[in-house]
Amino acid sequence: MANLSRRQALKAISALLGTAITPVAAARLFDSAGDIQAGFEVLNRDQSSLVEEMQELLLALTDKEKSSFNLVAFVDLMLTHTVSLQERRECLQGAGLILANLKRRRDINMRLRGLFDVDASTHADILAKQGQPLSALAPAAREQYLIYKFIFVVREFLLLGYFTSQKL
């Protein structure tokens, strides 16, 4: 895939996702962050801050790179246009659970680090639960399911946006 053009890479990834990456979503990704209006279609202010923190932890971008990419807007558009309404609701509920009782950005960072740092058996359990519908899980396991649903979906979109960007 190293010698694919950006357009070919987007088509290939769209085929893998089973949906098209809309021109609006691509434009949001490839335009600089300063060129985009602050409003999002799905994410509220707190949720967008959470996505920014995930971006910092997963991609470790420099300040210059952060201003070049607009990954939060890209994630917002991907959530809006490529996932089902039910999956979107589950993701946003997971974000709400992560953000519950957190006041400062530093607290969000620490909470995410704790959620990312799990042992192998817990990781296997989380993945097994993600393969099941929410209704099939015991009520006690639903909170963890929703939290990791958000983490996995947003991680996928952050990586997709970063690695298909023409600014890379």
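Structure's up top.
For the structure given in this document, a descriptive report is provided here. What you are looking at is a predicted structure, and each value in this text was computed from that prediction instead of being measured.

Thresholds, definitions, all that
Throughout this description, residue numbers start from 1 for each chain and increase along the sequence as written. Reporting of local features is limited, given that this is a predicted model, to residues whose pLDDT is at least 70; pairs of side-chain atoms are given and counted only at 80 or more, and all residues count toward the totals for whole chains, interfaces and linings. For the side-chain quantities, the full set of heavy atoms in the structure was used; hydrogens and water were omitted. For our purposes a nonpolar core is just a set of buried Ala, Val, Leu, Ile, Met, Phe, Trp, Tyr and Cys residues, chained together by side-chain atoms within 4.5 Å. Residue exposure (1.4 Å probe, protein chains only): buried if accessible area is under 20% of the type maximum, exposed if over 50%, otherwise partly exposed. Helix and strand definitions here come from DSSP, where helices need a minimum of 4 consecutive H or I residues and strands a minimum of 2 consecutive E residues; each element is numbered from the N-terminal end. The contact definition used throughout considers only heavy atoms, calling two residues in contact when any of these lie within 4.5 Å. Arc, as used here, means the arc of the directions from the helix axis to the C-beta atoms. What counts as an axis is a line fitted to C-alpha atoms, over the stretch in contact for a helix, and the angles between N-to-C directions run from 0 to 180 degrees. Oblique is the label for any angle not covered by the other classes, which are roughly parallel (under 35 degrees), roughly antiparallel (over 145) and roughly perpendicular (65 to 115). Residue classes follow a fixed rule: Ala, Val, Leu, Ile, Met, Phe, Trp, Tyr, Cys and Pro count as nonpolar, while Asp, Glu, Lys and Arg count as charged, and any other residue, Gly among them, counts as polar.

Here's the deal with the nonpolar core
One recurring pattern in soluble globular proteins: nonpolar side chains tend to sit buried together. Counting 34 residues, the largest nonpolar core has Leu50, Val51, Leu79, Ile98, Phe150, Ile151 and Phe157 as the members making the most contacts within it. Looking at this core, the elements with two or more residues in it are helix H3 (45–59), helix H5 (71–82), helix H6 (85–99), helix H7 (105–116) and helix H9 (139–163). Among the elements that make up this core, the one with the highest residue count is H9 (11 residues). Beyond its immediate chain neighbours, meaning those up to four positions away, Val51 contacts Leu43, Val72, Val75, Phe150, Val154 and Leu158.

A closer look at the environment of Arg89
Assignment of secondary structure puts Arg89 in helix H6. Taking relative accessible area as the criterion, Arg89 reaches 45% and is therefore assigned partly exposed. Along the chain, Arg89 and Phe150 lie 61 residues apart, while their C-alpha atoms are 9.7 Å from each other.

Regarding helix H8 (residues 120–130)
For H8, the complete set of buried residues consists of Ile126, Lys129 and Gln130. End-on view of H8: buried residues confined to an arc of 105°, all on one side of the axis. Those residues of H8 that are exposed and aimed more than 90 degrees away from the buried face are Ala120 and Ser121. The inward-facing, buried residues of H8 abut H9.

Some thoughts on the packing of H8 against H9
H9 packs onto H8 with a crossing angle of 90° between their chain directions and a minimal axis gap of 10 Å. Comparing their axes, H9 and H8 come out roughly perpendicular. The residues of H9 that touch H8, namely those facing Thr122, Asp125, Ile126, Leu127, Lys129 and Gln130, are Ala141, Gln144, Tyr145, Tyr148, Lys149 and Phe152. In the contact of H8 with H9, the residues fall into 6 nonpolar, 3 polar and 3 charged.

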